[in-house]
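Residue-level structural notes
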Amino acid sequence: MGKSFIRLIFILGYCNISFAQDSLCVFKTKGVVLMEFLHQKKPLSKGDFIPQHSKLSVLSNSEITVLDANGNVYFIDKAGNYTFKNLITFKDKAQNASVTTNYFKYIWNELVGKNSNTAIIAGVYRGEILMKFPKDSSQIYNSKIAFTWDFDENENLYYVFLKNVITQKIIKIETNGSQLAIYKDNSIFDNSEMFQWAVSTEAFPNIENMPFYTFKLISRNQYLQLMEAYKGFVEDLKTFGTSDSEIKDILCETYKLCN
């Protein structure tokens, strides 16, 4: 039994290494795509591995986008049955921007779990951070700024602190949820583009020791100018079947350019 157990551990370990080196990873599916591997079939979804010797069935009105570790993209939108060797012939050769490859390398690392969940910001411990959006250093073009944070069912109230960096004015808002919207016509946004925000479960925390996230409000022209840098990337994403709303989410979540 001991030898069998050791052999099982070896096989599992080998599979994990093999998946990382000789497999593809699903980035996006539409409709139904089935994978057959080791005589078993399963529907594919984002984050699933496609190992060598597997077979894919892309059903009618379905499509799949997969990645490799080098940031290459493979896209199929025609119904049919495909072997692994067939699949890798669908490598997209028309990536318009280097940022596309770098982005998909980043996504690969996220999907295979290589990135650590622990973030160290400038080597300084910043305490408990609840804030989710806007992320630190975000640039936002919108008349409504939506704030979201982690929710703990054991906490009844949250306190959102919003600071105007130029005027140093701070407002505090109490809420019992995990999101809050503030419009740009609020006086807190007067005379500045730069702002900071934080969330606490304490009504009167020590403001000086609180971790704040910074964000910048930008104009339509500024937003369009910044978007020029991602023009090729956006075209690539559209080629891979990514919707306009998904593209906005990607730019905001990954590159902190939000609309």
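Presented here is an overview of the structure given in this document. Just so it is clear, the structure is predicted and the values come from calculations on it, not from any experiment.

1. Quick word on the environment of Gly 47
Following the sequence through the fold, Gly 47 ends up in the loop between strand S3 (40–43) and strand S4 (49–51). With 19 residues separating them in the primary sequence, Gly 47 and Val 66 have C-alpha atoms 9.3 Å apart. Those residues in contact with Gly 47, other than ones at most four positions away along the chain, are Cys 25, Val 26 and Leu 111.

2. Let's talk about the pattern of salt bridges
Think of it this way: side chains of opposite charge can pair up when their charged atoms draw near. Under the defined criterion, the tally for this structure stands at five salt bridges. With its nearest N and O atoms 3.0 Å apart, the salt bridge here joins Lys 28 to Glu 246. Taken together, the positions of Lys 28 in strand S1 (residues 23–30) and Glu 246 in helix H6 (residues 244–255) put the pair 218 residues apart, joining distant regions of the chain. Take Lys 28: its relative accessible area is 16%, and that puts it in the buried class.

3. Structural notes on the layout of surface pockets
Volume-wise, the second largest pocket comes out at about 260 Å³. If you trace the second largest pocket, you find 13 residues lining it, with Phe 133, Asp 249, Cys 252, Cys 258 and Asn 259 closest to the centre. Taken together, the elements giving at least two residues each to the lining of the second largest pocket come down to strand S11 (144–149) and H6. Among the elements that take part in the lining of the second largest pocket, H6 stands out by supplying five residues, more than any other. Looking at the lining of the second largest pocket residue by residue, the classes come out as six nonpolar, three polar and four charged.

4. Some remarks on unusual backbone geometry
In the segment running from Phe 133 into Pro 134, the intervening peptide bond is cis, with an omega of 0 degrees. In this structure, Pro 134 sits in the loop between strand S9 (131–133) and strand S10 (138–140). For Asn 191, which is not glycine, the phi torsion reads 65 degrees and is therefore positive. Secondary-structure assignment places Asn 191 in the loop between strand S14 (179–183) and strand S15 (194–200).

5. Details of the sheet that holds S14
The three strands are arranged S9-S11-S14 in an open sheet whose pairing can be described as antiparallel. The sheet is open, and its two borders are formed by S9 and S14, each paired with just one other strand. Taking the axes of each pair of neighbouring strands and ignoring which way they run, one obtains an average angle of 30 degrees across the sheet. With five bridges joining them, S11 and S14 adopt antiparallel strand pairing. Note on S14: the bridge partner recorded for Lys 144 is Tyr 183.

6. Some thoughts on the packing of aromatic side chains
If you walk through the whole model with that rule in mind, you get 17 aromatic pairs. Plain terms: the ring middles of Phe 151 and Tyr 158 are 5.9 Å apart, the flat faces sit at 40 degrees to each other, and that makes the pair tilted. Feature note: the residues Phe 27, Tyr 103, Phe 104, Tyr 230, Phe 233, Phe 240 and Tyr 255 constitute an aromatic cluster, connected by ring pairs. Over the face of the ring belonging to Phe 204 we find Lys 172, whose NZ or CZ atom lies 4.0 Å from the ring centre.

7. Focus on helix H3 (residues 98–111)
The end-to-end C-alpha separation of H3 is 20 Å, in line with the 20 Å expected for 14 residues at 1.5 Å each. Taken together, the buried positions of H3 are occupied by Val 99, Thr 100, Tyr 103, Phe 104, Ile 107 and Trp 108. Residue Gly 113 follows H3 closely and has a positive phi angle near 75 degrees.

8. A look at the nonpolar core
The biggest cluster of nonpolar side chains holds 27 residues, and the ones touching the most others in it are Phe 147, Trp 149, Leu 162, Phe 189, Trp 197, Val 199 and Phe 215. Within the residue set of this core, elements represented by two or more residues are S11, strand S12 (158–164), S14, S15 and strand S16 (213–217). By residue number, the principal contributor to this core is S12, which donates five residues. Of all hydrophobic cores here, the second largest spans 22 residues; its members include Phe 75, Met 227, Phe 233 and Ile 250.

Thresholds applied
Residues numbered from 1 in each chain as written. Predicted model: local features only at pLDDT ≥ 70, side-chain atom pairs only at ≥ 80, totals over all residues. Heavy atoms only, no water. Helix = DSSP H or I, 4+ residues; strand = E, 2+ residues; numbered from the N terminus. Contact = heavy atoms within 4.5 Å. Salt bridge = Lys/Arg side-chain N within 4 Å of Asp/Glu carboxyl O. Buried < 20%, exposed > 50% of the residue type's maximum accessible area, 1.4 Å probe, protein only. 1 Å grid on protein atoms, 1.4 Å probe; cavity = no way out; pocket = protein on both sides within 12 Å on 5 of 7 lines; lining within 4 Å. Points joined across faces, edges and corners; volume = space filled by probe spheres on them. Nonpolar A, V, L, I, M, F, W, Y, C, P; charged D, E, K, R; others polar. Pairing = 2+ DSSP bridges. Axes fitted to C-alpha atoms, helices over the stretch in contact; angles between N-to-C directions. Phe/Tyr/Trp six-rings, centres within 6.5 Å; stacked < 30°, edge-to-face > 60°. Lys NZ or Arg CZ within 6 Å of the ring centre and 35° of its normal. Expected span 1.5 Å × (residues − 1). Core = buried A, V, L, I, M, F, W, Y, C linked by side-chain atoms within 4.5 Å.

Honestly, that's just the spatial picture; any functional story needs more than this.
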